[in-house]
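Notes for the structure review
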Amino acid sequence: YAILHAVGSDITPVMTEAVIHECEILFEEQANIVASVRACSMFTHLSDREIMKLVKYLEKVEYSAGDVIIREGDTGAEMFLVENGICSVTKVGVQNGAELRKYEAGEIFGERALLGSKEGDETGETSNDLGIRSASVVARGSVICLVLEKEDLERCLGAEAIATLRRKVQAEER
């Protein structure tokens, strides 16, 4: 504050404290996002530098109960990391639309759309290289997801890292 006062700034100590407080909140939020990404099995092999680059591209999106996050049959180009809440997976014609599985905090879905996997099953989200979603994912209640677009993943990590991610995801599906 003394330096700002000496150079003639009219920023007050209260304003300075408010800015510092906002910075602390943002830092804590960013640290939580980094922790969520580190805990995700898909990204455990990434270096600290790669994780920090990836975090820059994540968008936090909030959903309300009943919101369709992914709709079966739609084309997808993003993946979702559940930060908070629970999502249900359903598929037309399977178990009369009953929940096939759920996703909770720390779990990802839609990753096959980013990786171009041809794999798919009754609980998967994509069925081919075009990213056609093979199931719907719906928010059970209030849900917060970190969303990563395919082009951002490619820009951030490059082809070699994406190939590694693809192999890792395919191995986990077996």
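Scope of this entry: the structure provided in the associated data block.

Conventions and cut-offs
Within any chain, residue numbers begin from 1 and follow the written order of that chain's sequence. This being a predicted model, a pLDDT of at least 70 is required before a residue's local features are given, and a value of 80 or more before pairs of side-chain atoms are given or counted; all residues contribute to the totals for chains, interfaces and linings. The basis for the side-chain values is all heavy atoms of the structure; hydrogens and waters are excluded. Only DSSP runs of H or I with at least four residues qualify as helices, and only runs of E with at least two residues qualify as strands; both kinds are numbered from the N terminus onward. Burial classes: relative accessible area under 20% of the type maximum marks a residue as buried, over 50% as exposed, and values in between as partly exposed (1.4 Å probe, protein chains only). Two residues qualify as a contact provided that any one of their heavy atoms is within 4.5 Å of a heavy atom in the partner residue. Note on areas: these come from Shrake-Rupley sampling with a 1.4 Å probe, and a residue is covered only by the protein chains present in the view. The salt bridge definition used is simple: a Lys or Arg side-chain nitrogen within 4 Å of an Asp or Glu carboxyl oxygen. Of all possible arcs, the one meant is that of the directions from the helix axis to the C-beta atoms. Strand pairing requires that DSSP identify at least two bridges connecting the strands. The axes are straight lines fitted to the C-alpha atoms, using for helices just the contacting stretch, and the angles between their N-to-C directions are given from 0 to 180°.

Another aspect to go through is the overall build of the protein. Helix and strand content of the protein: five helices and eight strands. Traced from its N-terminal end to its C-terminal end, the protein shows the element sequence α-α-α-β-β-β-β-β-β-α-β-β-α. Counting only residues that meet the buried cut, the protein has 37% of its 174 residues in that class. Sequence-distant contacts in the protein: of pairs separated by 6 or more residues, those separated by 24 or more amount to 66%. Put simply, the protein shows about 9,800 Å² of open surface, and 52% of that area lies on carbon and sulfur atoms.

Here the focus is the pattern of salt bridges. Taken as a whole and judged by the stated rule, the model has nine salt bridges. A salt bridge links Arg140 to Glu99; the shortest N-O distance between them is 2.6 Å. Of this pair, Arg140 sits in the loop between β7 (136–139) and β8 (143–149) while Glu99 is found in the loop between β4 (87–90) and β5 (101–103), placing the two residues 41 residues apart along the sequence. Among the ionic pairs, Lys102 bridges to Glu104, the shortest N-O distance being 3.1 Å. We classify Glu104 as partly exposed; its relative accessible area is 32%. Ionic contacts of the salt-bridge type, sharing partners, join the residues Glu151, Asp152 and Arg155 into one network.

Restricting attention to buried positions, one finds in helix α3 (residues 48–57) the residues Ile51, Leu54 and Val55. One face of α3 carries all of its buried residues, which in axial projection span an arc of 105 degrees. Exposed side of α3, more than 90 degrees from the buried face: Arg49 and Lys56 are the residues found there.

Turning our eyes to something else, we now look at the pairing of strand β3 (residues 78–84). Within β3, six of the seven residues are buried, which leaves the element mostly enclosed by the surrounding structure. With six bridges connecting them, β3 and β8 associate as antiparallel partners. For Asn84, the partnering residue across the bridge sits in β8 and is Ile144. Examined bridge by bridge, β3 and strand β6 (residues 108–109) share two bridges and lie antiparallel to one another. Counted as the bridge partner of Leu81 is Ile108 from β6.

This part is about the sheet that holds β4. The four strands lie next to each other as β2-β7-β4-β5, forming an open sheet whose pairing is antiparallel. Taken across any chain shown, the strands that pair with only one partner, and hence form the sheet edges, are β2 (68–70) and β5. Direction aside, the axes of adjacent strands within the sheet are offset by 35 degrees on average. By the bridge criterion, four bridges tie β4 to β7 in an arrangement that is antiparallel. Bridge pairing in β7 places Thr90 opposite Ser136.

A few words now on the sheet that holds strand β1 (residues 59–63). Whether parallel or antiparallel, the strands of a sheet pair through hydrogen bonds between backbone atoms. On the basis of which strands lie adjacent, the open sheet formed by four strands has the order β1-β8-β3-β6 and antiparallel pairing. Edge positions in the sheet fall to β1 and β6, since each of these pairs with one other strand and no more. Bridging between β1 and β8 involves five bridges; their strand directions are antiparallel. Opposite Tyr63, over in β8, you have Val143 as the bridge partner.

The analysis is restricted to geometry; functional conclusions fall outside its scope.
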